[in-house]
Amino acid sequence: MVVATPLIGLVTMLIGSDRVPGQRRPRAWPLLVGAVLTVLFSLLTINEVRQEFGASSPLAPVVGLLLALPIVLLVRWPLLAWRLSVVTILAMLPIWHGQAWPAQPFQIILYLATIVAVGLRHSRVVLGWIWAVTMVLVWLLLYPINADNAIAATVIGTLLVLAVGAIGSLVAARRQLAVETRRTEAEQQRSAVLTERARIARELHDVVAHHMSLIAVQAETAPYRLTGLPGTAGDEFASIGTAARQALVEMRRMLGVLRAEQPAERSPQPGLAELPALLDQVRRAGAEVDLRTDGTPRPVPVAVDVSGYRIVQEALSNARRHAPGAPVTVRLEYRSEAVSIEVVNAAPDSPPAAGEPGHGLVGMRERATMLGGTLSAAATPDGGFRVAAVLPCDPGPGDA
């Protein structure tokens, strides 16, 4: 591994890609700025090249463009820009040979800029190889012409590489931290969804068990309540009762898994009829809550009843946490095919204390989705917050 890392860095420097994991794609405007600068500097370089090639030489525009092309490559492909800078320096040696610096000042500045860009994008190993190549160029090309300039270039290049390496390490650490943060947030979100689904399953277990018990009792008592049934019908009812009881046993086992880390709740699950009592508790805590009911209250499926209560409960909890002291309005509308719930709080008088975000909205959405309904949560124009849910009362895909 000690030998492999430098070899990998060498291969990356020579033929590797500029794409780095976790690196975001740059925006379009830096490329546009780089293209404009490339054109401007190429025009300036063409005049100098023509003095060497001749005013009528068709190679002058091509050479001028190649000398300035690394500018536009710096933004997205810094390693490619550095390679092109090395090639242009070597290719232009016959023209600039004999001068104090075997390259134009513009080329030297652009070459140093490519080193900075590569150091901020790639690993320290790649930057080390680039420093080694730079030192070879300095001592082979510059030292025979001017030893003092070669020593100065060595010191400046080394200091630049060390500084860029330190900054690049910080950038890489921040980039890795951002990747880990996003990964952790995604895992927390997934864990919150699974936890809420287990909680919903625990709450609905008693509801399903009640219906299964009714099926078992009705199937087993049918031969005694109904006269004139053939013998095969009695056997069929007995089979239904046995299957229902086996399903109850499996449900108890499943509930044991869901409640492995939490004690079983012995109190019955609350429903929409208990909302006034819930709002009284919130009022005793100092909050101003108003309940408005539209339509005629009627019995709804138990799953809708429990989920509707929990959605209002969680929405009130969020309002107290994020908008303390703000008045809250709860609207409950009984439609022919669904129950509509809306919880709206006004803007708080003072901003709440900063804290870790919860997963209340995740749980509310899971409950609405389970029933085939919808839930929306968004800020209101006046600075408050609104949670609205529609829970269908007829069985649908969500119930299945």
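Residues numbered from 1 in each chain as written. Predicted model: local features only at pLDDT ≥ 70, side-chain atom pairs only at ≥ 80, totals over all residues. Heavy atoms only, no water.

Caption draft 1: Geometry of a nonpolar patch on the surface. Judged by side-chain polarity, Leu32, Val33, Val36, Leu37, Leu40, Phe41 and Leu44 come together as a nonpolar surface patch covering roughly 620 Å² of accessible area. Along the chain, Leu40 turns up in helix α2 (residues 28-53). You can call Leu40 partly exposed: its relative accessible area is 47%. (Patch = residues over 30% accessible without salt bridge, like charges linked within 9 Å, V, L, I, M, F, W, Y side chains within 5 Å. Areas by Shrake-Rupley, 256 points an atom, 1.4 Å probe, with all protein chains shown as cover. Salt bridge = Lys/Arg side-chain N within 4 Å of Asp/Glu carboxyl O. Helix = DSSP H or I, 4+ residues; strand = E, 2+ residues; numbered from the N terminus. Buried < 20%, exposed > 50% of the residue type's maximum accessible area, 1.4 Å probe, protein only.)

Caption draft 2: Seen up close, the packing of helix α11 (residues 275-284) against helix α12 (residues 302-322). The contact between α11 and α12 brings their axes to 11 Å, and the two run at 15 degrees. With respect to each other, α11 and α12 are oriented roughly parallel. Classified by chirality, the crossing of α12 by α11 is right-handed. Here α11 contributes Leu275, Leu278, Leu279 and Val282 to the contact with α12, which in turn contributes Tyr309, Val312, Gln313, Leu316 and Arg320. Grouping the constituent residues of the contact of α11 with α12 by class yields 7 nonpolar, 1 polar and 1 charged. (Axes fitted to C-alpha atoms, helices over the stretch in contact; angles between N-to-C directions. Parallel < 35°, antiparallel > 145°, perpendicular 65-115°, else oblique. Left-handed = near helix turned anticlockwise from the far one by under 90°. Contact = heavy atoms within 4.5 Å. Nonpolar A, V, L, I, M, F, W, Y, C, P; charged D, E, K, R; others polar.)

Caption draft 3: Main features of the pattern of salt bridges. For the coordinates displayed, the defined rule picks out 7 salt bridges. Ionic pairing is found between Arg335 and Glu333, a salt bridge with its closest N-O pair at 3.8 Å. Accessibility expressed as a relative area gives 31% for Glu333, which makes it partly exposed. Three or more residues joined by partner-sharing salt bridges are found here, namely Arg331, Glu342 and Arg386.

Caption draft 4: Local environment of the sheet that holds strand β1 (residues 289-294). With mixed pairing, the 5 strands of this open sheet are ordered in space as β1-β2-β3-β5-β4. The sheet is open, and its two edges are formed by β1 and β4 (374-379), each paired on a single side. Across the sheet, the mean angle from the axis of one strand to that of its neighbour is 10 degrees, orientation sign disregarded. Together, β1 and β2 (328-334) form the strand contacts of α11, whose direction differs from that of β1 by roughly 165 degrees. Of the strands in this sheet, β4 and β5 (385-392) are in contact with helix α13 (residues 360-370), which crosses β4 at around 150 degrees. (Pairing = 2+ DSSP bridges.)

Caption draft 5: Geometry of the pairing of β4. As defined by bridge partners, β4 adjoins β5 across 6 bridges and the pair is classed as antiparallel. Counted as the bridge partner of Ala378 is Arg386 from β5. Between β4 and β5, which pair antiparallel one after the other, the connecting turn spans 5 residues, and Gly383 there sits at a positive phi close to 95 degrees.

Caption draft 6: Highlighting the confidence of the model for the chain. Averaged over every residue, the pLDDT of the chain is 78; residues scoring 70 or more account for 81%. Ranking the helices and strands of the chain by mean pLDDT puts strand β3 (residues 338-345) first, with 93, and helix α6 (residues 93-96) last, with 68. This stretch, residues 396-400, has a pLDDT under 50; its non-local contacts, to residues over four places away or in other chains, come to 7 contacts. (pLDDT = per-residue confidence, 0-100.)

Caption draft 7: Inspection of the packing of aromatic side chains at higher detail. Summed over all chains, the structure comprises 1 aromatic pair. Ring geometry for Trp139 and Tyr143: centres 4.9 Å apart, planes at 35 degrees, overall tilted. By relative accessible area, Tyr143 is classed as partly exposed at 39%. (Phe/Tyr/Trp six-rings, centres within 6.5 Å; stacked < 30°, edge-to-face > 60°.)

Caption draft 8: Here's a closer look at the pairing of β1. Of the pairings in the sheet, the one linking β1 to β2 comprises 6 bridges and is parallel in character. Paired with Leu291 across the two strands is Val330, which belongs to β2. Between the parallel elements β1 and β2, the chain passes through α12 in a crossover that is left-handed. (Right-handed = clockwise from strand over helix to strand, strands pointing away.)

Caption draft 9: Focus on the side chain of Ser307. Note on placement: Ser307 falls in helix α12. For Ser307, a relative accessible area of 1% gives the class buried.

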